[in-house]
Amino acid sequence: MEKIKKIGILTSGGDAPGMNAALRAMTNKASSEGIEVVGIIGGYSGLLNNKVKTLTPEDVSGIIGLGGTTIYTDRCLEFATEAGVQKAVQTCRELGIEALVAIGGDGTFRGATDMTIHGVPTVGVPGTIDNDITATDYTIGFDTAQNTALEMIDRMRDTCESHARVNIIEIMGRDCGELTLNVAIASGAVAAAIPEIPFDADAAVERIRKLREEGRRGMVICISEGVFTADGKKFSEVFEKRLHDELGLDTKFARLAHVQRGGQPTIRDRKTASVMGVTAIELLIEGKSDLVMCEIDGQIKPIEIRWALAADRMYKKKLKDNDLDSFTAEQIDEMEALCDRRAAEIERLYNVFESIAK
Ligand code: F6P
């Protein structure tokens, strides 16, 4: 097997704190193996538009503690087409890029598989604040985002206590409620709503009414951005109005939004990014591809991307007709077991929250 001489690295989809730490680890590891590194600027669209820059250990020195991604990112629609993939492959050929690492979420990994199929070995590294990639227990950026959200909520709690107000806080995470639940538990919220579990709004209103009657001043309520009413309205906004109108409470609404995505990565994110980054380079050197780095029970393990994507669609109930055709019965059983485990984990967390939300 011929040794790889040049690899490309890109970040794609929503940025996440820790992406730079992964970039640094990969650049330094590859360079110590005598491999040239090219940073693709602005995600997959950088490959379509030939926007790249050579990266050396000097270039990535000092970026480990920076939020965002220094090679930028985007959500590239053109890359989702066959012509787009062909163009990206062509750029790799022209630049002598023999293998790729793509850091991002599920959309990023679909792209990674497409590149591998078209002859550019690619591995994925999970980077998203949502922690919503079913195959891995952890995605880079999650810890920083939950700590940032918690810090903001702690600050809001100070002022809502002073004024006897109720703060309704909308938290990012797309369709995954783990970020919301974790900060709800950690901030001592009195109610939390997430996409995965039906929310008993009447019971929550009654709880809040009773708490106020008993003299509770400030109260925090955490609601995932992915929770909507039956007619498609943001539940966070609807619930705030209900508390105000029905209980006559002085309510304040806060949408944390992108503040959760920025800022210095925590040690958890820097370390995980570094270990996953080094592992990704080692795998490419060994000639492996079409794998995504996963953390399973505290260990970093590579998983086949197509399996990870199918398991993800299964968990998110987005499987299409032929999605499972190429898998064995045993592989499908494994996916189902993983989905059951994920559902049980979130339910357990929700029950823990509910039992202490007072
Ligand atoms: O996937 C990360 C994430 O921040 C989600 O939590 C959120 O729903 C989405 O990206 C926001 O995307 P954009 O940055 O494109 O507004």
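Source: prediction; values computed, not measured.

A few points about the domain arrangement of the chain
Domain assignment breaks the chain into domain 1 (6-141 + 265-319) and domain 2 (142-262 + 345-356). A separation of 33 Å is found between the C-alpha centroids of domain 1 and domain 2. Facing the 19 residues of domain 1 at the interface are 17 residues of domain 2. Across the interface of domain 1 and domain 2, roughly 1300 Å² is buried in total on both sides, 49% from carbon and sulfur atoms. Taken as a group, I129, D130 and N131 account for 38% of the area that domain 1 buries against domain 2, more than any other trio of residues on that side.

Describing the site of the ligand
Taken together, R75, T128, I129, D130, M172, G173, R174, E225, H258 and R261 form the complete shell of residues around the ligand. G173 has a polar backbone atom sitting 3.1 Å from an oxygen atom of the ligand. Contact distances for the ligand include 2.5 Å between an oxygen atom and a side-chain N or O atom of E225. In the complex, 75% of the free accessible area of the ligand, which totals 390 Å², lies under the protein chains. Taken together, the residues of the shell around the ligand break down into 2 nonpolar, 3 polar and 5 charged. When residues of the shell around the ligand are assigned to domains, at least three map to each of domain 1 (6-141 + 265-319) and domain 2 (142-262 + 345-356).

Quick look at the sheet that holds strand β10 (residues 291-296)
Read across the open sheet, the 7 strands follow the order β3-β2-β1-β4-β5-β10-β11; overall the sheet is mixed. The open sheet has two edge strands with one neighbour each: β3 (52-55) and β11 (299-304). Ignoring which end each strand starts from, the neighbouring axes of this sheet average 30 degrees apart.

Examining the pairing of strand β6 (residues 166-171)
Across the 6 residues that make up β6, a large majority, 6, are buried. The two faces of β6 match: V166, I168 and E170 on one face and N167, I169 and I171 on the other face are all buried. As paired strands, β6 and strand β8 (residues 219-224) are joined by 6 bridges and run parallel to one another. Bridging from a neighbouring strand, N167 pairs with V220 of β8. Pairing of β6 with strand β9 (residues 251-255), which is carried by 5 bridges, proceeds in the parallel orientation. Residue pairing across strands places E170 opposite R255, the latter belonging to β9.

So, helix α1 (residues 19-32)
End to end, α1 covers 20 Å across 14 residues, agreeing with the expected 20 Å (1.5 Å per residue, within 8%). A large share of α1 lies buried, amounting to 10 of its 14 residues. Within the span of α1, buried status applies to M19, N20, A21, A22, L23, A25, M26, T27, K29 and A30. Of the residues one or two after α1, G34 is the one with positive phi, at around 80 degrees.

Some remarks on the pairing of β8
Of all 6 residues in β8, 6 are buried; the element is thus mostly enclosed. Burial along β8 is two-sided: M219, I221 and I223 and V220, C222 and S224, pointing in opposite directions, are all buried. Pairing of strand β7 (residues 191-193) with β8, which is carried by 3 bridges, proceeds in the parallel orientation. Bridged to A191 within β8 is I221. Where the polypeptide runs from β7 across helix α8 (residues 201-213) and back to β8, its parallel neighbour, the crossover connection is right-handed.

A short note on the sheet that holds β8
The 4 strands are arranged β7-β8-β6-β9 in an open sheet whose pairing can be described as parallel. Bordering the open sheet on either side are β7 and β9, each of which pairs with just one other strand. Averaged over neighbouring strand pairs, the angle between their axes works out to 15 degrees when direction is ignored. Contacts from helix α7 (residues 178-187) reach β6, β7 and β8, with the element oriented near 170 degrees to β8.

Thoughts on the pattern of salt bridges
Taken as a whole, this structure holds 31 salt bridges when the rule is applied. In this structure, the salt-bridge partner of R255 is E237, at a minimum N-O distance of 2.6 Å. On the criterion of sequence distance, the pair formed by R255 in strand β9 and E237 in helix α9 (residues 235-247) is long-range, its members being 18 residues apart. Overall, R255 belongs to the partly exposed group, its relative accessible area being 39%. Residue E237 is classed as partly exposed on the basis of its relative accessible area, which comes to 38%. Where salt bridges share partners, they join D137, R341, R342 and E345 into one cluster.

Thoughts on the packing of aromatic side chains
One pass over the full model with this rule turns up 5 aromatic pairs. Aromatic side chains Y44 and F79 sit 3.9 Å apart centroid to centroid with 5 degrees between the ring planes, which places their arrangement in the stacked category. With Y44 in helix α2 (residues 44-48) and F79 in the loop between α3 (57-60) and α4 (82-95), this residue pair connects regions lying 35 residues apart in the sequence. Here the aromatic cluster, defined as three or more aromatic residues joined through ring pairs, consists of F199, F235 and F239. Above the ring of Y138, the side-chain terminus of R268 is found at 3.7 Å from the ring centroid.

Calculation rules
Residues numbered from 1 in each chain as written. Predicted model: local features only at pLDDT ≥ 70, side-chain atom pairs only at ≥ 80, totals over all residues. Heavy atoms only, no water. Domains from an automatic or database assignment. Contact = heavy atoms within 4.5 Å. Buried area = accessible area lost by both parts, 1.4 Å probe. Near = heavy atom within 4 Å. Polar contact = N/O pair within 3.5 Å; in protein donor to acceptor, adjacent residues only side chain to side chain. Areas by Shrake-Rupley, 256 points an atom, 1.4 Å probe, with all protein chains shown as cover. Nonpolar A, V, L, I, M, F, W, Y, C, P; charged D, E, K, R; others polar. Pairing = 2+ DSSP bridges. Helix = DSSP H or I, 4+ residues; strand = E, 2+ residues; numbered from the N terminus. Axes fitted to C-alpha atoms, helices over the stretch in contact; angles between N-to-C directions. Buried < 20%, exposed > 50% of the residue type's maximum accessible area, 1.4 Å probe, protein only. Expected span 1.5 Å × (residues − 1). Right-handed = clockwise from strand over helix to strand, strands pointing away. Salt bridge = Lys/Arg side-chain N within 4 Å of Asp/Glu carboxyl O. Phe/Tyr/Trp six-rings, centres within 6.5 Å; stacked < 30°, edge-to-face > 60°. Lys NZ or Arg CZ within 6 Å of the ring centre and 35° of its normal.

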